[in-house]
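Each chain, written out:
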Amino acid sequence: MGCFSSKVARQFPGHEDPVALASQTAFSVSEVEALFELYKSISSSVVDDGLISKEEFQLALFKNRKKENLFANRIFELFDVKHKGVIDFSDFVRSLNVFHPNASQEDKIDFSFKLYDLDNTGFIERQEVKQMLIALLCESEMKLADETVEIILDKTFLDADVNRDGKIDKSEWENFVCRNPSLLKIMTLPLLEGHHNNVSEFCF
């Protein structure tokens, strides 16, 4: 068993024992094992090095490695906990933990806030929401007139920016999401769909 574990660790940097990962996350041991099968598939899709590159992540998320997407890039940045430009298995599991139904609402809100806070300033600004909205519309192949996008932004900031300083802070975002829980649906990751039941069933 020890030999097998060390061989897996060499082949997949950042690999940890499923039991240990399950004890630190909302996943069961069988879910962690299913995630490892998914991870192996993604990490070998372009270069078989046991790590997930941005290109492989993009390919898994949107089945397209040629088209840059702000949404995919931003999630990759948040998953790349060690800031090495790649995702190892432990980062993969711990980052996906926030998508589990048993993860706390606070963690989900925190992750969604970081997703929109593109410049990492601790605030969500109008231009950041606009960039993310346009990226999501492009990915779903929906087109909205510029005027419609501006109306959506106006309404969002009217509802969320309580102190009217032109940006949304963490507390304002939390209150806004609590009033509009459908906003967390952005956190469904298509790469989890169609895989092992243990994995796919924790999508929103």
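Conventions we followed
Residues numbered from 1 in each chain as written. Predicted model: local features only at pLDDT ≥ 70, side-chain atom pairs only at ≥ 80, totals over all residues. Heavy atoms only, no water. UniProt positions renumbered as here; feature names shortened; annotations may be inferred. Helix = DSSP H or I, 4+ residues; strand = E, 2+ residues; numbered from the N terminus. Buried < 20%, exposed > 50% of the residue type's maximum accessible area, 1.4 Å probe, protein only. Contact = heavy atoms within 4.5 Å. Areas by Shrake-Rupley, 256 points an atom, 1.4 Å probe, with all protein chains shown as cover. Phe/Tyr/Trp six-rings, centres within 6.5 Å; stacked < 30°, edge-to-face > 60°. Lys NZ or Arg CZ within 6 Å of the ring centre and 35° of its normal. Expected span 1.5 Å × (residues − 1). Axes fitted to C-alpha atoms, helices over the stretch in contact; angles between N-to-C directions. Left-handed = near helix turned anticlockwise from the far one by under 90°. Nonpolar A, V, L, I, M, F, W, Y, C, P; charged D, E, K, R; others polar. pLDDT = per-residue confidence, 0-100.

- Per an unreviewed UniProt entry, the protein is named Calcineurin B-like protein, and its organism is Salix viminalis.
- Under the UniProt heading Function (unreviewed entry), the entry covering the protein gives this text: "Acts as a calcium sensor. CBL proteins interact with CIPK serine-threonine protein kinases. Binding of a CBL protein to the regulatory NAF domain of a CIPK protein lead to the activation of the kinase in a calcium-dependent manner."
- In its Subcellular location (unreviewed entry) section, UniProt records this for the protein: "Membrane".

**A look at the overall build of the protein**
Thought 1: If you tally the helices and strands in the protein, you get 11 helices and four strands.
Thought 2: Residues counted as buried form 43% of the 204 residues belonging to the protein.
Thought 3: A sequence separation of at least 24 residues applies to 54% of the contacts in the protein between residues at least 6 apart.
Thought 4: Within the structure as shown, the protein displays about 10,900 Å² of accessible surface, and the carbon and sulfur contribution to it stands at 53%.

**Brief notes about the packing of aromatic side chains**
Thought 1: Counted by the stated rule, this structure contains 10 aromatic pairs.
Thought 2: Arranged with centres 6.4 Å apart and planes meeting at 50°, the rings of Phe79 and Phe99 form a pair that is tilted. Of this pair, Phe79 sits in helix H5 (residues 70-79) while Phe99 sits in the loop between helix H6 (89-96) and helix H7 (105-116), and the two are 20 residues apart along the sequence.
Thought 3: The exposure class of Phe79 is buried, given its relative accessible area of 0%.
Thought 4: Each residue in the set Phe57, Phe76, Phe79, Phe99 and Phe111 is aromatic and connected to the rest through ring pairs, giving one cluster.
Thought 5: Positioned above the aromatic ring of Phe123 is the side chain of Lys167, whose terminal nitrogen or guanidinium carbon lies 4.2 Å from the ring centre.
Thought 6: The ring of Phe113 has Lys170 lying over it, and the distance from NZ or CZ to the ring centre is 6.0 Å.

**Looking at the UniProt feature "domain: EF-hand" (unreviewed entry) in the protein**
Thought 1: As recorded in UniProt, the sites labelled "domain: EF-hand" (unreviewed entry) are residues 67-102, 104-139 and 148-183.
Thought 2: Each end of residues 104-139 is marked by a C-alpha atom, and these two atoms are 28 Å apart; helix forms 72% of the span and strand 6%.
Thought 3: Secondary structure content for residues 148-183 is 64% helix and 6% strand, and the end C-alpha separation is 18 Å.

**Some details on H7**
Thought 1: Taking 1.5 Å of rise per residue, the 12 residues of H7 would be expected to cover 16 Å, and the 17 Å separating its terminal C-alpha atoms lies within 8% of that figure.
Thought 2: Burial in H7 covers these residues: Lys108, Ile109, Phe111, Ser112, Phe113, Leu115 and Tyr116.
Thought 3: Close packing links the buried residues of H7 with H5, strand E3 (124-125), helix H8 (126-139), strand E4 (167-168) and helix H10 (170-179).

**Overview of the environment of Phe57**
Thought 1: With respect to the helices, strands and loops of the structure, Phe57 is situated in helix H4 (residues 54-62).
Thought 2: Looking at Phe57, the relative accessible area reads 1%, which means it is buried.
Thought 3: C-alpha separation for the pair Phe57 and Ser43, spaced 14 residues apart in sequence, amounts to 8.3 Å.

**A look at the packing of H7 against H10**
Thought 1: At a closest axis distance of 10 Å, the pairing of H7 and H10 adopts a crossing angle of 115°. The two elements H7 and H10 cross, and the hand of that crossing is right-handed. Facing H7, whose interface residues are Ile109, Asp110, Ser112, Phe113 and Tyr116, H10 presents Lys170, Trp173, Glu174, Val177 and Cys178.
Thought 2: Taken together, the residues of the contact of H7 with H10 break down into six nonpolar, one polar and three charged.

**Things to note about unusual backbone geometry**
Thought 1: You will see that Asn120, though not glycine, has its phi angle at about 55°, which is positive.
Thought 2: Note on placement: Asn120 falls in the loop between H7 and E3.
Thought 3: Phi angles above zero are rare outside glycine, and Arg164 is one such case at about 55°.
Thought 4: Relative to the helices and strands, Arg164 is located in the loop between helix H9 (146-160) and E4.

**Some thoughts on the confidence of the model for the protein**
Thought 1: Averaged over every residue, the pLDDT of the protein is 84; residues scoring 70 or more account for 82%.
Thought 2: Segment residues 1-7: pLDDT under 50, and zero contacts once partners within four positions in sequence are set aside and those in other chains are kept.
Thought 3: A low-confidence stretch, residues 194-204 (pLDDT under 50), is modelled with 31 contacts involving residues beyond four sequence positions or located in other chains.

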